[in-house]
Amino acid sequence: MTNRDYRREEFFRSEWFGGKEVLIGLAEGAIPNGARVVKVNSKPDDAHQDGALGTVVGALGPANEEVKAQLRGWGFPPIEWIYWVRWDDLPEIPVAISDHRIKRHREIFFEGACPFLTCLEQGAHSHPICPDCGAVKYGNPFFCPTCRKHLEKELLNDPGYRG
Ligand SMILES: [Zn+2]
Ligand SMILES: [Zn+2]
């Protein structure tokens, strides 16, 4: 006795989180499962804003031309993949998100003293790399809107800053 939908099982695996079933895409996307990602292109009321970090755990796609044309017709961007992401601040439940709202997150690691003059760290640590322009520590605020957004957020969060 089962209600299983075997057609669906070609595309999704089913996982249960606190009594709630979540269907997670089975594909390996352009961003592979396990890759770290950063949120971009957030809307003001999104639960996760630009800069939030997470890990890809599944994907659905790539979308064919028919799907992309339909999305364009509805006013959506023509996405290629839907990803499921476990956000660092909400790791319990993977959340589905379209590909234009995440980018691969890269970091640079240092074993010891930091080569950046503004960083006084002496031990092993890392700095993020801007997903749009490649600047370490989002250090390109004059030319890159993503770096600029990141800097504005840091200034807002810094209690010592008197803007
Ligand atoms: Zn450093
Ligand atoms: Zn940048």
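Residues numbered from 1 in each chain as written. Chains lettered and ligands numbered in written order. Predicted model: local features only at pLDDT ≥ 70, side-chain atom pairs only at ≥ 80, totals over all residues.

Peer 1: Pulling in residues and values, what's your account of the overall build of the chain?
Peer 2: Regarding its fold elements, the chain presents 2 helices and 9 strands. Starting at the N terminus, the α and β elements of the chain follow one another as β-β-β-β-α-β-β-β-β-β-α. Along the first, second and third principal axes, the C-alpha set of the chain runs to 65 × 35 × 25 Å. The buried share of the chain, reckoned over its 163 residues, is 14%. A separation threshold of at least 6 residues defines the contact pool for the chain, and within that pool the share at least 24 residues apart is 39%. (Helix = DSSP H or I, 4+ residues; strand = E, 2+ residues; numbered from the N terminus. Buried ≥ 20, exposed ≤ 12 C-beta atoms within 10 Å, placed from the backbone. Contact = placed C-beta atoms within 7 Å.)

Peer 1: Which residues make up the domain arrangement of the chain, and what values go with them?
Peer 2: Each assigned domain of the chain is listed with its residue range as follows: domain 1 (8-104) and domain 2 (106-157). Taking only C-alpha atoms into account, the centre of domain 1 sits 26 Å from that of domain 2. Taken together, the contact pairs 6 residues of domain 1 with 5 residues of domain 2. Residues that form the side of domain 1 that touches domain 2 fall into these classes: 2 nonpolar, 1 polar and 3 charged. (Domains from an automatic or database assignment. Nonpolar A, V, L, I, M, F, W, Y, C, P; charged D, E, K, R; others polar.)

Peer 1: Provide a residue-level description of the nonpolar core, including the pertinent values.
Peer 2: Counting residues in each nonpolar core, the largest one holds 10 residues, listed as Val37, Val38, Val56, Ala59, Trp81, Tyr83, Trp84, Val85, Ile97 and Ile102. Those elements that place two or more of their residues in this core are strand S3 (36-39), strand S4 (53-60) and strand S5 (82-87). The greatest single-element share of this core, amounting to 3 residues, is contributed by S5. If we skip the residues at most four places from it in the chain, Trp81 touches Gly29, Ala30, Ala59, Leu60, Gly61, Pro62 and Asp99. (Core = buried A, V, L, I, M, F, W, Y, C linked by C-beta atoms within 7 Å.)

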